[in-house]
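Chain and residue survey
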Amino acid sequence: GEIRPGNHSVSTTVHLPHLGRRLILSCGGPADLLPERVLRDRIAPMLMQSATAIESVSAKLPSPRGH
């Protein structure tokens, strides 16, 4: 709600060192549909688990040529 009043969001970083990249996973929407408590207690853990899974799978992939 600080950046855009009436909206809530949460995000996490995905580190992909073999690609030399970082990505962002995020979820957001109207505050009445996504209260802070839901984002903190349900959505944030799922985003963090997703980031960990992506990092784990990505680490097993071969680096693209030139990297």
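Check the entry above for the structure.
Residues numbered from 1 in each chain as written. Predicted model: local features only at pLDDT ≥ 70, side-chain atom pairs only at ≥ 80, totals over all residues. Heavy atoms only, no water.

Across its full length, the chain holds one helix and two strands. Secondary structure of the chain in N-to-C order comes out as β-β-α. Counting all 67 residues of the chain, 19% fall into the buried class. Long-range contacts, defined here as pairs at least 24 residues apart, represent 48% of the contacts in the chain between residues at least 6 apart. (Helix = DSSP H or I, 4+ residues; strand = E, 2+ residues; numbered from the N terminus. Buried < 20%, exposed > 50% of the residue type's maximum accessible area, 1.4 Å probe, protein only. Contact = heavy atoms within 4.5 Å.)

Take the nonpolar core next. In terms of nonpolar packing, the biggest core is built from six residues, these being V10, L34, L39, I43, A44 and L47. Counting residues per element, this core draws most heavily on helix α1 (residues 36–59), at four residues. (Core = buried A, V, L, I, M, F, W, Y, C linked by side-chain atoms within 4.5 Å.)

This part is about the environment of G6. Among the structural elements, G6 can be located in the segment before β1 (7–16). By relative accessible area, G6 is classed as partly exposed at 48%. Expressed as a C-alpha distance, the spacing of G6 and P30, which sit 24 residues apart in the sequence, is 5.9 Å. Sequence-distant contacts of G6, that is, excluding residues within four places in its chain, are made with G29, P30 and A31.

By the element assignment, S58 lies in helix α1. For S58, a relative accessible area of 8% translates into the label buried. There is a polar contact of 3.4 Å between the side chain of S58 and the side chain of H18. Not counting the four nearest positions on each side in its chain, S58 is found in contact with L16 and H18. (Polar contact = N/O pair within 3.5 Å; in protein donor to acceptor, adjacent residues only side chain to side chain.)

The next thing to look at is the pairing of strand β2 (residues 21–30). Along a regular strand, successive side chains alternate from one face of the sheet to the other. Sheet topology note: the β1/β2 ladder contains 10 bridges and is antiparallel. Paired with H15 across the two strands is R22, which belongs to β2. The antiparallel hairpin formed by β1 and β2 contains four residues in its connecting segment, where G20 sits at a positive phi of about 70°. (Pairing = 2+ DSSP bridges.)

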